[in-house]
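# Overview (structure and organization)
Chain by chain, the residues run as shown.
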Amino acid sequence: MENNAKKRAQELLSKMTVEEKLHQLSSAMIFDVNAPDYEEKRDHLCGNYRNPGHFMHHGQEKRATPEEVANKINRDVKLSIEAQPNNIPPIEHGEALHCPLWGMTTSFPQPINMASTFNDELVYEIADAIGKECRAVGVRQALSPVVNIARDVRWGRSVETFGEDVLVSSNMGVAMCKGLEENGVVATPKHYVDNYSYGGRDSNASDTSERALREVYLKPFEKCFKEGGAQSVMASYNSWDGVPVSSSKKLLTDILRDEWGFDGFVVSDYGGVEGVHGSHHVVDTRLKATGASLKAGLDANIPGNTYETMKNAYDAGIINDEDIDKSVLRILTVKYRIGLFDEPYADASKANETVRCDKHKKIALDSARESIILLKNENILPFKKDNLKKIAVFGASANEFPVGKNYSGAFGVEWTADDAKTPFQYLTEYLEGFAEVVFAPDSMIDTLAAECDAAIYFTTVVEGEGMDRCDLRLPSYTEKVQADENAIIVNKIGVSVKTNQEESVKRMIAANKNSVVVLLNGSPIVMTDWINDCNAVLEAWYPGEQGSQAICEILFGEYSPNAKLPITIPKSVGQVPLFYAYKPSGRGYGYNENDGKPLYPFGYGLSYTSFELSDFAHKVNDDNSVTVKLNIKNTGNYDGAEVVQLYLSGTNCEVVRPLKELKAYKKINVKKGETVSSEIVIPEEAFFFYGIDLAFDIHDGDYAVLIGTSSDNIISSFNLKVRDKKVLDIE
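Everything in this summary refers to the structure shown in the same document. (Residues numbered from 1 in each chain as written. Predicted model: local features only at pLDDT ≥ 70, side-chain atom pairs only at ≥ 80, totals over all residues. Heavy atoms only, no water.)

### Thoughts on the overall build of the protein
- Scanning the protein from terminus to terminus reveals 20 helices and 27 strands.
- For a compact globule of 731 residues, the expected C-alpha radius of gyration is about 27 Å, and the protein comes in at 26 Å, within 12% of that figure.
- Structurally, the protein occupies a C-alpha span of about 75 × 65 × 45 Å along its principal axes.
- Expressed as a percentage of the 731 residues in the protein, the buried residues total 63%.
- Each charge sign in the protein was given a centre, from 78 positive and 106 negative side chains, and these centres are 1 Å apart. (Helix = DSSP H or I, 4+ residues; strand = E, 2+ residues; numbered from the N terminus. Rg over C-alpha atoms; globule rule 2.2 N^0.38 Å. Buried < 20%, exposed > 50% of the residue type's maximum accessible area, 1.4 Å probe, protein only. Lys, Arg positive; Asp, Glu negative; His and termini not counted. Charge placed at Lys NZ, Arg CZ, Asp CG, Glu CD.)

### Structural notes on the pairing of strand β10 (residues 373-377)
- For β10, a buried count of four out of five residues is recorded, marking the element as mostly surrounded by other parts of the structure.
- Pairing analysis gives four bridges linking β10 to strand β17 (residues 536-539), with the strands arranged antiparallel. From the neighbouring strand, Leu374 faces β17, where its bridge partner is Leu538. (Pairing = 2+ DSSP bridges.)

### Points about helix α13 (residues 307-315)
- Buried within α13 are the following residues: Tyr307, Thr309, Met310 and Ala313. With its buried residues spanning 165° around the axis, α13 presents them on a single face.
- In this structure, the buried residues of α13 make contact with α2 (18-24) and α12 (286-296).
- Two residues or fewer past α13, Gly317 is found with a positive phi of approximately 80°. (Arc of directions from axis to C-beta. Contact = heavy atoms within 4.5 Å.)

### Details of the pattern of salt bridges
- Scanning the model with the defined rule gives 51 salt bridges in all.
- Between Glu343 and Arg135 there is a salt bridge, with the nearest N and O atoms lying 3.7 Å from each other. One end of the pair, Glu343, is in the loop between α14 (321-337) and α15 (351-354); the other, Arg135, is in helix α6 (residues 120-135), with 208 residues separating them in the sequence.
- A salt bridge links Glu545 to Arg356; the shortest N-O distance between them is 2.7 Å. (Salt bridge = Lys/Arg side-chain N within 4 Å of Asp/Glu carboxyl O.)

### A closer look at unusual backbone geometry
- In the segment running from Lys190 into His191, the intervening peptide bond is cis, with an omega of 0°.
- You can see His191 is positioned in the loop between β3 (186-187) and β4 (196-197).
- Despite not being glycine, Trp541 has its phi angle at roughly 50°, a positive value.
- With respect to the secondary-structure elements, Trp541 resides in the loop between β17 and α20 (547-555).
- The phi angle at Asp724 is positive, at roughly 50°, despite the residue not being glycine.
- By the secondary structure assignment, Asp724 is in the loop between β26 (713-723) and β27 (726-729).
- We classify Asp724 as exposed; its relative accessible area is 67%.

### Concerning a nonpolar patch on the surface
- A cluster of nonpolar side chains, contributed by Tyr582, Tyr589 and Leu659, occupies part of the molecular surface with about 260 Å² of accessible area.
- Looking at the secondary structure, you find Leu659 in the loop between β20 (640-651) and β21 (661-670).
- Judged by relative accessible area, which is 31%, Leu659 ranks as partly exposed. (Patch = residues over 30% accessible without salt bridge, like charges linked within 9 Å, V, L, I, M, F, W, Y side chains within 5 Å. Areas by Shrake-Rupley, 256 points an atom, 1.4 Å probe, with all protein chains shown as cover.)

### So, α12
- Where α12 is concerned, the buried positions are Ala289, Thr290, Gly291, Ser293, Leu294 and Ala296.
- Looking at the packing, one finds that the buried side of α12 touches α10 (249-259), α11 (272-278), α13 and α14.
- At the exit of α12 stands Gly297, carrying a positive phi of roughly 125°.

Have a look at this one:
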């Protein structure tokens, strides 16, 4: 199939004029194919990367059905094909962070939730559903997943990531790419690479060393291409090592293509090529920025690169036929690979039955359940229906769909559905006939919480693109958060919460000892001022359209929590950046104010049941992998699941290694009273690292294999060594 796609692309390329080729490298965002100026825009485009499906609901009062969206996109595709001598269809692209963004699609939990499941197979199911809902309307490229490593949680886009760990981010990035690509939707890992800097500032210049870049930030991207089959990648806005990523030959050609063998196409972040000139100021015209980026290895400048821009660059000699042919061949090859020439249209008649079907909503519920972390529980949870007569509910988010304000629904429109419920609505229905549920403003906390059997506070934090934070405490909103009209920001929707949430939580805790705080947020919250007095905390993140049910089921013991933290929670913002896989200090780790340790470590999460791990054994296999065997017994009163985590700690390794790194994990379901035997394999690659000369290989070293249930809770260990490229037991 691959050879045939490349051959067909080469044959077509040989027939195309320069003008046709340049159309393939042009782009424009069209909000609505029924807009008055649509024909005028389309005449300049002829089959490129324009995206009428992306923000299909923009400026519309009534939500479009999937069938209507599919018909609109089909119309654009048809007119584009018919406008060209060689009938080349366009790739319609769209965001798909945790749901397709063209409309009211199935809203799955946000990526930070997905990572909390530690369940790669479940993330693949989510991606498969997202792929089907993209394909159902004709969206054939998803600008997803985000596989940046979030190690400074002040970065507003931490919510879009799979957390701080290289292995988790790689595995889940691979799962997302597979699920999309297997549905004929081109996966586009982003943002390549290292696109936040000091203070968590988005898109700021990176001076990360090449060693750190290769050890941490590049690895998930490499896995997405080599194991996930991703056929595109998005270049980030920032510069690295003094060069804008959009025009970095080292990143886009030397590493991406020559080292890794990537043979897909590179797209810019929105307006990223213009930033080579307008933001980074390394060239003096937009045309030179276009040329520098194309020559460096960036193929498609989205979303607003006109044909005229490309033609002017060509006529001025800034780009030549060889530059153009390389990029057009890559794009055409992918179009053939995904079958776009053979099936350019969506089956609009089936779109409604695919989008938000029962199967997809069940996946959304299952993933929400598995993604909610029990951080603290001092004999408060689970609540018992029979013991409660009146519950107080506070916090504006109690009356919001818990999908997050970030890349949810359509552009500028909050996600909504007639059959979805807010946490307050679901709690009210669930407790009908058992308890009264009262939703009240924070001003009533002191009196209402005191007279109720229990109280719940749902926090409100708006996070996402362009919303970096320097204060990690619960926000005190005093006015509506406004999006910058001049910035390219997807779905940043403001909120109006006129309260001091920190003080509200403290007052609730003081008024009622049976108080629970449910965190609805995208990255860690500093809780130091109130956590010691609070008896129960759920980290729900943004659990998606079925999240209200999942939260309720966990609060009342219908489901035992089993999620784990994919990111470290600090005690204070002064500890940030804070992550578990740090390298040894030459002296010490603490601060005058605290010991430097986190409030909650990576991999941490409580359950309603308890587990006992025993009978550990291991075997070094001929292929240098290591099989670890153990028994896990559920010693509590609930069915549940535990995430067993295997870390490596390397010494005598030629270069400084992190104190520990996660190298394998497995979620194991065990019914109460039962014991399950399990095997977990540490692959050979776990013993590879970049040596002094930056050669990635299996080098000599001594290792401790650490087996635990969090990065700070190690239960058992054993030692290995690597000599002459062989993994060996230490006798």
